[in-house]
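Single-letter residue listing:
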Number of protein chains: 2
Amino acid sequence: MQSQTSPLGEFDLIQRFFKTQSKAMLDKNPGSVILGIGDDCALLETDPAEEIAITSDMLVSGRHFFADANPEWLGWKALAVNLSDLAAMGAKPLGFTLALALPKADPVWLEAFSKGLFAIAHQYSCPLIGGDTTAGPLNICITAFGSVPREKAIRRSGALEGDDIWASGCLGDARLTLAALRHEIKLSKNDLEAIEARMHQPTPRVNLGIALRNIANAALDISDGLLGDLKHILKQSNQDAEIFLDQLPKSATLSNQSMDIQNQYAASGGDDYELCFTAPTSKRDEIAKISADLKLPLTQIGSIKRMQKSTPEIKLINSTGVALKQEQVNQLFQSFDHFA
Amino acid sequence: MQSQTSPLGEFDLIQRFFKTQSKAMLDKNPGSVILGIGDDCALLETDPAEEIAITSDMLVSGRHFFADANPEWLGWKALAVNLSDLAAMGAKPLGFTLALALPKADPVWLEAFSKGLFAIAHQYSCPLIGGDTTAGPLNICITAFGSVPREKAIRRSGALEGDDIWASGCLGDARLTLAALRHEIKLSKNDLEAIEARMHQPTPRVNLGIALRNIANAALDISDGLLGDLKHILKQSNQDAEIFLDQLPKSATLSNQSMDIQNQYAASGGDDYELCFTAPTSKRDEIAKISADLKLPLTQIGSIKRMQKSTPEIKLINSTGVALKQEQVNQLFQSFDHFA
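The structure reproduced in this document is the subject of the present report. (Residues numbered from 1 in each chain as written. Chains lettered and ligands numbered in written order. Predicted model: local features only at pLDDT ≥ 70, side-chain atom pairs only at ≥ 80, totals over all residues. Heavy atoms only, no water.)

### Quick notes on the overall build of chain A
Phase 1: Assigned secondary structure in chain A consists of 12 helices and 12 strands.
Phase 2: Relative to its length of 340 residues, chain A is compact, with a C-alpha radius of gyration of 21 Å against a globular reference of 20 Å.
Phase 3: C-alpha atoms of chain A, sized along the principal axes, occupy 65 × 50 × 35 Å.
Phase 4: Taken across its 340 residues, chain A has 59% of its residues classed as buried. (Helix = DSSP H or I, 4+ residues; strand = E, 2+ residues; numbered from the N terminus. Rg over C-alpha atoms; globule rule 2.2 N^0.38 Å. Buried < 20%, exposed > 50% of the residue type's maximum accessible area, 1.4 Å probe, protein only.)

What follows is the structure, given as structure tokens:
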């Protein structure tokens, strides 16, 4: 750790933008944090009824974000993608570490970055408890910790034949934003403004994950695209799936695009950070209640089927209930970068 | 996490070099790990009698290692520096996550890196439990987890007036190796071979940290140089210190250098990853026993003094028991890059 002895020689900047706010947050509500920034390690208190969930994501300039990305959005998103992983297991956030490589110690950038970072940290009661800072090409690595009652974590491996497949929120808006920013698709200013936060400041579905602990058989967060991510559930659960293409939840903005774009982006666009989960049909009423309580659309988008071959398969069902043939699937996704 | 969906598109490489070895290690001895690589999060079991210690270090090419560094050494060192932080708190390793940005997926590099990484992971029973891989400028971020009995973690803030100050092992060899590699100092091939592992493959003092849980009042690991690091203990404990310059433990190789080089490198050379700790004088016999049991030299190098001014100070004492004047200290360290 030794944030104090940052090779940037910019301890006052670290102090100013990270340590002070971290301490203020912990003073107000330490939660499980016994010791935060400033020693060789942070210390977390453990609860014998809980397991600790751990996830780590590294964001690199030019790959996960544009080099000139708004640093406030970046601070938000760097923690959001980790909280999304905690949500996918049904874990409640406990805290996170931040390791940051910076080309230079720019106070304007750091102030905006820390503003976005602490905004989401406060929103999900997830304090910064430690980390590292160094000079180097811009790289943001966050490791986040959560707690989940023993044996209640929602794994990818638990999907059962006959389960409904669900998705939260809307799918495809982050991909549509990317297409607009890349000038692949022209969106009006209003349309772009309506959806761009979905790419820049995604909402981790933490409360949904917690609510699903005793309901979902399997879950993950959709970071690379629904179909590709669902394959992880199918592979680990040894199941096939059917997905009803016209049931995929889409925003009004995406619904104005061509049907092919709608299907491509909703089925395979990455960066949505919605949850995809499976649950027995007997849980439909409880899921509807969770949706109402959280004011978050939860849409039944398909179902889990018995695996037919040695590798899991997804059948895409059209609006008339007919499965697309492989050549139709290929045609739909052939030019699409996210489809694996 | 989603190592499976690495943006490198090189899942087979990740599988081959990280996931398979991680799984083999966990199958043999899961320890506290309930779930390793392959889901949204890893899961750790908690023990109500223990706290979880967490540390994160980011290593960047050109700053923490040469761009053409031996990848096997690098794999070792990346985990070693984190285990050293756990050791400094008296924590026993539980596991670690690895986030890795790579310019290209080079199987030769990855094989050597993973060889070094798993060599030290096995040695300290610290399994890889999750992480992330992405394309980008070479960056290695490891977050490590350990356990320490409740309220037994050795903090930087516990040093008391009258405590002895101790150092483990020898100091300054990593700095001497760096000087030789930079051609600042000429060393014979034999001399370099005798010490270079101290820079490339440091030994985290994990067993020493655990043995010191009920003995040391304060501890940290020496990563930036003894005097600079000791200042952290003094600042957090509100104490001054005296250091006996001629008592600093040095290897035979360093002892062949000029007295100024010896003092500079032992007092302020970084990258040694030895422990510096303070303990009451009543613990000397127990510390001698630990030293014998671990076959690790432990040297009393000074003592903690009551703080005289508003900021902590370190007096350097020469072989005749006289404190160096400030101008002598300045002269000794003026050309030395690590001295803060």
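Once you've had a look at it, read on.
### With respect to the relation of the copies chain A and chain B
What relates the pair of chain copies is a rotation about an axis plus a shift along that axis.
Phase 1: Mapping chain A onto chain B calls for a screw motion: a turn of 180° about the axis and a shift of 0.0 Å along it, with 0.0 Å RMSD after fitting. The two molecules are tied by a two-fold rotation axis, judged by turn and shift. In terms of C-alpha distance to the rotation axis, chain A has A:Pro48 as its closest residue, with the C-alpha 2.5 Å off the axis.
Phase 2: Taken as a fraction of all interface residues of chain A, those also at the interface in chain B reach 100%, which identifies the copy contact as same-surface. (Least-squares fit on C-alpha atoms with pLDDT ≥ 70 in both. Contact = heavy atoms within 4.5 Å.)

### So, helix α12 (residues 326–333) of chain A
In an α-helix, one turn spans 3.6 residues; hence positions three or four apart end up facing the same way.
Residue and element names in this part refer to chain A.
Phase 1: Every buried residue belonging to α12 is among Val329, Leu332 and Phe333, and all of these are buried. Down the axis of α12, the sector holding all buried residues measures 80°, keeping them to one side. Counted as exposed and oriented over 90 degrees from the buried face of α12: Glu327 and Gln331.
Phase 2: Looking at the buried positions of α12, the neighbouring elements they touch are α8 (226–237), α10 (259–268) and β12 (314–317). (Arc of directions from axis to C-beta.)

### Some thoughts on the side chain of A:Ser251
Residue and element names in this part refer to chain A.
Phase 1: Mapped onto the elements, Ser251 comes out in the loop between β9 (239–244) and α9 (252–255).
Phase 2: Separated by 2.7 Å, the side chains of Ser251 and Asp173 make a polar contact.
Phase 3: When sequence neighbours within four positions are dropped, the list of residues in contact with Ser251 reads Cys170, Asp173 and Ile195. (Polar contact = N/O pair within 3.5 Å; in protein donor to acceptor, adjacent residues only side chain to side chain.)

### Here's the deal with the nonpolar core
Phase 1: Within the largest apolar cluster, 59 residues are counted, with the highest numbers of intra-cluster contacts made by B:Phe18, B:Phe96, B:Leu98 and B:Ile140.
Phase 2: It is helix α2 (residues 71–89) of chain B that contributes the most residues to this core, 10 residues altogether.
Phase 3: Residues within four places of B:Ile140 in sequence aside, it is in contact with B:Asp57, B:Met58, B:Leu59, B:Phe65, B:Leu74, B:Ala78, B:Leu98, B:Ala99, B:Leu100 and B:Phe113.
Phase 4: Counting 58 residues, the second largest nonpolar core, distinct from the first, contains A:Met25, A:Phe96, A:Ile154 and A:Ala279. (Core = buried A, V, L, I, M, F, W, Y, C linked by side-chain atoms within 4.5 Å.)

### Quick word on the sheet that holds strand β5 (residues 128–135) of chain A
Phase 1: Across the sheet, which stays open at both edges, the 6 strands sit in the order β5(A)-β4(A)-β6(A)-β3(A)-β2(B)-β1(B) with mixed pairing between neighbours. The open sheet has two edge strands with one neighbour each: β5 of chain A together with β1 (33–35) of chain B. Across the sheet, the axes of successive neighbouring strands diverge by a mean angle of 20°, strand direction being ignored.
Phase 2: Where strand β4 (residues 92–102) of chain A and β5(A) come together, 7 bridges link them in parallel fashion. Bridging from a neighbouring strand, A:Phe96 pairs with A:Leu128 of β5(A).
Phase 3: Sheet contacts for helix α2 (residues 71–89) of chain A: β3 (50–60), β4 and β6 (139–149) of chain A together with β1 and β2 (42–45) of chain B; angle to β6(A), the most-contacted strand, approximately 30°.
Phase 4: Sitting on the sheet, helix α3 (residues 107–123) of chain A touches β4, β5 and β6 of chain A, and the angle it makes with β4(A) is about 165°. (Pairing = 2+ DSSP bridges. Axes fitted to C-alpha atoms, helices over the stretch in contact; angles between N-to-C directions.)

### Looking at the interface of chain A and chain B
Phase 1: At the interface, 64 residues of chain A touch 64 residues of chain B.
Phase 2: Together chain A and chain B conceal approximately 5,100 Å² of surface at their shared face, both sides included; 54% is due to carbon and sulfur atoms.
Phase 3: Per-residue buried area on chain A facing chain B is highest for A:Asp40, A:Ile54 and A:Met58; these three make up 13% of the total on that side.
Phase 4: Taken together, chain A and chain B are joined by 6 salt bridges.
Phase 5: As a salt-bridge pair, B:Arg156 and A:Asp40 come within 3.1 Å of each other at their nearest N and O atoms.
Phase 6: Counting every contact that joins chain A to chain B gives 23 residue pairs in polar contact (both at pLDDT 80 or more).
Phase 7: Element by element, the count of residues in the side of chain A that touches chain B is highest for β3(A), at 10 residues. (Buried area = accessible area lost by both parts, 1.4 Å probe. Salt bridge = Lys/Arg side-chain N within 4 Å of Asp/Glu carboxyl O.)

### Remarks on the environment of B:Gly172
Residues and elements named next belong to chain B.
Phase 1: As for its placement among the helices and strands, Gly172 is situated in the loop between β7 (164–168) and α4 (173–181).
Phase 2: Taking the C-alpha atoms as reference points, Gly172 and Leu254, separated by 82 residues in sequence, lie 7.2 Å from one another.
Phase 3: Once residues lying within four places of it in the same chain are set aside, the contact partners of Gly172 are Leu254, Tyr265, Ala266 and Asp272.

### Some thoughts on unusual backbone geometry
Note: most residues except glycine have negative phi, and most peptide bonds are trans.
Phase 1: You will see that A:His183, though not glycine, has its phi angle at about 60°, which is positive.
Phase 2: Tracing the backbone shows A:His183 in the loop between α4 (173–181) and α5 (189–195).
Phase 3: For A:His183, a relative accessible area of 73% gives the class exposed.
Phase 4: The backbone phi angle of B:Glu151 is positive, close to 65°, even though this residue is not glycine.
Phase 5: Turning to its location among the elements, B:Glu151 is positioned in the loop between β6 (139–149) and β7.

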